[in-house]
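Fold and geometry: a report
Chain by chain, the residues:
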Amino acid sequence: MRNIIERMLESFYGKYGDRNSKPVLFFSPGRVNLIGEHTDYNGGFVFPCALNFGTYLMIRNNGGKNIRFSTLNFTEEHSVPVKEEYKRIERSWVNYPLGVINEFAKLGYLLPGSDLLFYGDVPNGAGLSSSASIEMVTACAVNEITGAGLALIDLVKLSQKAENIFVGMNCGIMDQFASGFGKKDHAIFLNCDTLDYENVPLILGDYSLIITNTNKRRGLTDSKYNERRAECDKAVEYLQAYRKIRNLSETGTDELALLNKYIPDEIVLKRARHVITENGRVLEAVKVLKENNIARFGELMNQSHDSLRGDYEVTGIELDTLVYEGRKIAGVLGTRMTGAGFGGCTVSIVHKDHVEEYINTITEAYTRKTGLNADFYQPSVGNGSGRIEF
Ligand code: GLA
């Protein structure tokens, strides 16, 4: 981390000048979801953890009338006059922080003229929540600088709102929550309806967490995501005929028979079945992890992927190749897609003695079957968002 900070500081002074006035620094992590996919916007359970990589933000009041944005990741820079309401900038990374600044402005907390420099080490568009981490890091900084003093949960909700409204991606709350509330070496068991949560120690013993990136370009992810949301709303509508429910997760695994009876549309029925069975898998996964039963945890991860492929239909050849080739390798207890799907990453639990074999075998098989190259990360589980003293 020291290297990153030094690089950022050098670049910050290079761009914005005045070496006598030190900026402040914030960090927000990306996340990987262990199990509980496409359940958050259905009021269900999720089980993500924060990663040791994420987005850094150096920020300083510039005494002027403009907010200046730059990043070490792209060359594109922007300068925006301080206002009470901001407009989207077409196709720009700046919409993530600007959307958050806009939400604060709506609450009456105007960020004064400031210089901002970002740096992110989460791979972009890989389903590891680079967007949530840039939103959350901005929210933490603006919260402190404007003296708004919002609680962490409000920063999470505000960041989600910025993504929904300003960026235009209708995500649930999981990513921003994990980025905000992550705890070192723990996963977060979150009820997305009540927002009650529990930090569960993630003790994997002889096993490692491996993230494998398909490196498939995102393409249609956002439109397909919204289509799935609409299908779940439709399922709720059908089930209303049986009982008044607010969301799909109010239907338990013991009520699966209801789906056949009340949902006439085969596609909608499959989507509902995924959400309901996935909630059941999260509950069991949390239980078996607490009992140190990593083997069962892995089986549940596998079942989760199968359901996301068969019932929810959000996988695709790239993710499926990683998963089904991965399952053939000794020492792989569980492997599944993580995040929205269609591309992005898988998360796997692999015995430490077999990590090298996993990487070598998958590297070859994945390229042979898809023509793409996979990337591998062995992350550690880190803390959530906050200020860093340096
Ligand atoms: C994306 C969204 C999350 C969640 C997942 C799927 O990561 O941002 O809110 O819906 O997809 O579980």
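Residues numbered from 1 in each chain as written. Predicted model: local features only at pLDDT ≥ 70, side-chain atom pairs only at ≥ 80, totals over all residues. Heavy atoms only, no water.

1. Here we look at the site of the ligand
Cut-off, in case you're wondering: Nearness of a residue to a molecule or strand requires only that one of the residue's heavy atoms be within 4 Å of it. For this analysis, a polar contact is any N or O atom pair within 3.5 Å, provided that within protein one partner can donate a hydrogen and the other can accept it, and provided that sequence-adjacent residues contribute only side-chain to side-chain pairs. Using the Shrake-Rupley algorithm and a 1.4 Å probe, accessible areas are obtained, with residue cover drawn only from the displayed protein chains. Each residue receives one of three labels: charged for Asp, Glu, Lys and Arg, nonpolar for Ala, Val, Leu, Ile, Met, Phe, Trp, Tyr, Cys and Pro, and polar for the others, Gly being one of them.
Taken together, the neighbourhood of the ligand is formed by Arg31, Glu37, His38, Asp40, Tyr41, Cys171, Gly172, Met174, Asp175, Tyr225, Gly339 and Ala340. Contact between the ligand and His38: an oxygen atom at 2.7 Å from a main-chain N or O atom of the residue. Here Asp40 contributes a side-chain N or O atom positioned 2.5 Å from an oxygen atom of the ligand. When isolated, the ligand has an accessible area of 310 Å², and the protein chains bury 95% of it. Split by residue class, the shell around the ligand holds 5 nonpolar, 3 polar and 4 charged.

2. Some remarks on the pairing of strand β11 (residues 345–351)
Definition in use: Each residue's exposure class comes from its accessible area (1.4 Å probe, protein chains only) as a fraction of the maximum for that residue type: buried when under 20%, exposed when over 50%, partly exposed otherwise. Helical segments are the DSSP runs of H or I of at least four residues, strand segments are the runs of E of at least two, and each set is numbered from the N terminus. Being paired, for any two strands, means DSSP has found at least two bridges between them.
Where burial is concerned, most of β11 is hidden: 7 out of the 7 residues are buried. Judged by which residues are buried, β11 turns out to be covered on both faces: Cys345, Val347, Ile349 and His351 on one side and Thr346, Ser348 and Val350 on the other are all buried. Relative to β11, strand β9 (residues 207–213) runs antiparallel, the two sharing 7 bridges. Counterpart to Ile210 in the pairing with β11 is Ser348.

3. Here's the deal with the pattern of salt bridges
The cut-off we apply is this: We count a salt bridge whenever a side-chain nitrogen from Lys or Arg sits within 4 Å of a carboxyl oxygen from Asp or Glu.
Under the definition given, this model contains 32 salt bridges. A salt bridge links Asp185 to Lys184, with the shortest nitrogen-to-oxygen separation between them at 3.9 Å. Classification of Asp185 by relative accessible area gives partly exposed; the value is 40%. The shortest N-O distance in the salt bridge between Lys216 and Glu318 comes to 3.9 Å. Of this pair, Lys216 sits in the loop between β9 and α6 (221–239) while Glu318 sits in helix α10 (residues 317–326); the two residues are 102 residues apart in sequence, bridging distant segments of the chain. Among the residues examined, Lys216 registers a relative accessible area of 30% and is labelled partly exposed.

4. Observations concerning the sheet that holds β11
Inclusion rule: Here an angle of 0 to 180 degrees is reported between the N-to-C directions of two axes, which are lines fitted to C-alpha atoms, with helices fitted over the stretch in contact. Contacts were defined at the residue level, with two residues in contact if any of their heavy atoms lie within 4.5 Å.
Strand order in the open sheet formed by 4 strands is β10-β11-β9-β12, and the pairing between neighbours is antiparallel. Strands at the two margins of the open sheet, each flanked by one partner only, are β10 (332–338) and β12 (375–377). Going across the sheet, the axis of each strand differs from the next one's by a mean of 25 degrees, ignoring polarity. Where β10 meets β11, 6 bridges bridge the pair, whose relative direction is antiparallel. By the bridge assignment for β11, Arg336 is matched with Val347. Across the sheet, α10 touches β9, β10 and β11, and the angle it forms with β10 is around 175 degrees.

5. Re the packing of helix α9 (residues 294–310) against α10
Note the cut-off: Angle categories: roughly parallel below 35 degrees, roughly antiparallel above 145, roughly perpendicular from 65 to 115, and oblique for all the rest. A crossing counts as left-handed when the near helix is turned anticlockwise from the far one by less than a right angle, and as right-handed when that turn is clockwise.
For the pair α9 and α10, interaxial distance at closest approach is 12 Å and the crossing angle is 150 degrees. On the basis of their axis angle, the class for α9 and α10 is roughly antiparallel. α9 and α10 meet at a crossing whose hand is left-handed. Note on element contacts: α10 touches α9 through Leu319, Asp320, Val323 and Tyr324, opposite His305, Asp306 and Arg309. Of the residues that constitute the contact of α9 with α10, the class distribution is 3 nonpolar, 1 polar and 3 charged.

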